[in-house]
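Here are the chains, one letter per residue:
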Amino acid sequence: MKFGTMAILGCSNVGKSTLVNTLVHQKIAIVSDKPQTTRSRILGVAHFPQGQLALLDTPGLHRPWHRLNKLMVRTALDAIDDADVLAVMVDGRNLPSPVDRFVVDQIFSRHGRSSAAPVFLLVNKIDVIPKPHVLPVIEAYRQLGDWTEIIPVSAKTGLNVDRLASLVFDRVVEREDAFDEDFVTDQSWRHLAAETIREKVIESTKAELPYAVAVMVDEFQEQGRVTAIAATIFVEKPGQKAIVIGKAGERLKAIGTAARLELAQALACKVFLKLHVKVKSAWRDDDHWLVELGYAT
Ligand SMILES: Nc1nc2c(ncn2[C@@H]2O[C@H](COP(=O)(O)OP(=O)(O)OP(=O)(O)O)[C@@H](O)[C@H]2O)c(=O)[nH]1
Ligand SMILES: [Mg+2]
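Residues numbered from 1 in each chain as written. Chains lettered and ligands numbered in written order. Predicted model: local features only at pLDDT ≥ 70, side-chain atom pairs only at ≥ 80, totals over all residues.

## Topic: the overall build of the chain
Check the secondary structure of the chain and you find nine helices and nine strands. Its C-alpha radius of gyration of 20 Å places the chain within 12% of the 19 Å reference for a compact globule of 297 residues. In terms of overall dimensions, the chain has C-alpha extents of about 55 × 45 × 40 Å along its principal axes. Relative to its 297 residues, the chain shows a buried fraction of 40%. Sequence-distant contacts in the chain: of pairs separated by 6 or more residues, those separated by 24 or more amount to 69%. (Helix = DSSP H or I, 4+ residues; strand = E, 2+ residues; numbered from the N terminus. Rg over C-alpha atoms; globule rule 2.2 N^0.38 Å. Buried ≥ 20, exposed ≤ 12 C-beta atoms within 10 Å, placed from the backbone. Contact = placed C-beta atoms within 7 Å.)

This is the structure:
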């Protein structure tokens, strides 16, 4: 059997978490159409007849401002050192922007200093791009780095994802399996609950708000066929609290319902969910809070 670790890096919103979910056949990482959704490294394990692939989902690379964002960028770049194969994902709908170029440079610069792993370019979202439009994008990215492979994929539909897996297996050695056959992620249910609630807040809000949201699970109790969860949604300003709660509490209720239904399905049991909203100003720059929230050690 083969075993390999693939780290997935790239700009925000390109589809890194979607790819991990597709490869492990389970939703272990939250996904949204807003940038900077993933904040910490997530391990997913994909099981194939040839062996196992450990996948490292990472926060999107960007120019950091808050302490949280600096940690996110560091977390992503550190994953390079732990990978047998490095996958750099880009959005195939667009030619590389200055930010895309900056991110590719940043990855190759760190890779050059600390890793000998092959670097795959994943050109994602090809399910929504006419073929003639993808080719110039591939050509433009080809110039930007010393890619071992260039693979157009759709993380969402799974197009070419098996080919990606077999190219990774070609590059890794025979090894004993590292994980049990039913192991899919290192994330606890408690953490998954917090992330699911955060995803629902991100989905139902816009502009700056998604960046300012953190969720902490205060209580997670499995009682027979029911799981009781109490969680606090933190935002940075009173105005944001009012938005999350909504008129007569409607938005918070909708967030709670969406999170409860998804968690009930994931946990395969009935879920009671109690949500509170609190203001914690500037938590993104508060070292103590970043540890409390699990973004720093
Ligand atoms: N059409 C299409 N959309 C995709 C594909 N992969 C991801 N998306 C969408 O792109 C958006 C971002 O997806 P994510 O998986 O959250 O992206 P990410 O790279 O993990 O983003 P960050 O965590 O913010 O760095 C979501 O709206 C996805 O549904 C794809 O292959 N095709
Ligand atoms: Mg993500």
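## Some points on the sheet that holds strand β8 (residues 226-235)
As summarised here, the arrangement of the three strands in space is β7-β8-β9, forming an open sheet in which the pairing is mixed. Strands at the two margins of the open sheet, each flanked by one partner only, are β7 (214-223) and β9 (270-279). The average undirected angle you get between the axes of adjacent strands in this sheet is 15°. For β8 and β9, the ladder comprises 10 bridges, and the chain directions are parallel. Paired with I229 across the strands is L273, a residue of β9. Each of β8 and β9 touches helix α7 (residues 238-245); the most contacted strand, β9, lies at about 155° to it. Against the sheet, helix α8 (residues 250-267) touches β8 and β9, its axis set at about 140° to β9. (Pairing = 2+ DSSP bridges. Axes fitted to C-alpha atoms, helices over the stretch in contact; angles between N-to-C directions.)

## What about the sheet that holds strand β6 (residues 149-152)?
The mixed open sheet is built from six strands, whose spatial order is β2-β3-β1-β4-β5-β6. Each edge of the open sheet is held by one strand with a lone partner, namely β2 (42-48) and β6. This sheet shows a mean twist of 25° between the axes of neighbouring strands, independent of strand direction. Relative to β6, strand β5 (residues 119-124) runs parallel, the two being bridged by four bridges. Within β6, the residue paired with F120 across the bridge is E149.

## Comments concerning the domain arrangement of the chain
Looking at the chain, the domain boundaries give domain 1 (2-171) and domain 2 (189-292). Computed over C-alpha atoms only, the centres of domain 1 and domain 2 are separated by 27 Å. Across the boundary between the two partners, domain 1 contributes nine residues, which contact 12 residues of domain 2. A class-by-class count of the residues in the side of domain 1 that touches domain 2 yields three nonpolar, four polar and two charged. (Domains from an automatic or database assignment. Nonpolar A, V, L, I, M, F, W, Y, C, P; charged D, E, K, R; others polar.)

## A closer look at the environment of K2
By secondary structure assignment, the location of K2 is in strand β1 (residues 2-10). When the 18 C-beta atoms within 10 Å are taken as the criterion, K2 is described as partly exposed. Between the C-alpha atoms of K2 and D186, which are 184 residues apart in sequence, the distance is 20 Å. Leave out the neighbours within four places in its chain, and K2 touches Q50, G51, F169, V172, E174 and R175.

## Observations concerning α8
Compared with the 26 Å implied by 1.5 Å per residue over 18 residues, the 25 Å span of α8 between its first and last C-alpha is a close match. Restricting attention to buried positions, one finds in α8 the residues L252, I255, A259 and R260. End-on, the buried residues of α8 take up no more than an arc of 130°, which puts them together on one face. Opposite the buried face of α8, at more than 90 degrees from it, the exposed residues are E250, T257 and Q265. (Expected span 1.5 Å × (residues − 1). Arc of directions from axis to C-beta.)

## Observations regarding the pairing of β7
Alignment of β7 against β8, held across nine bridges, turns out to be antiparallel. Counted as the bridge partner of E222 is T227 from β8. Where β7 folds back onto β8 in an antiparallel hairpin, the turn is made up of two residues, including G224, whose phi is positive at roughly 65°.

## Regarding unusual backbone geometry
The phi torsion at Q36 lies on the positive side, around 60°, for a residue other than glycine. Among the structural elements, Q36 can be located in the loop between α1 (16-24) and β2. Note on Q36: 18 C-beta atoms within 10 Å, which makes it partly exposed. A positive phi angle, close to 55°, is found at A268, a residue other than glycine. You can see A268 is positioned in the loop between α8 and β9.

## Regarding the environment of F183
Here F183 lies in the loop between α5 (161-171) and α6 (189-204). Between the C-alpha atom of F183 and that of R113, which follows or precedes it by 70 residues, the distance is 32 Å.

## Side note on the pairing of β2
With respect to burial, β2 is a largely interior element, five of its seven residues being buried. Relative to strand β3 (residues 51-57), β2 is paired through seven bridges, and the arrangement is antiparallel. Within the sheet, the bridge partner assigned to F48 lies in β3 and is G51. In textbook terms, the turn of a hairpin is the stretch between consecutive antiparallel strands, and for β2 and β3 this stretch comprises two residues.

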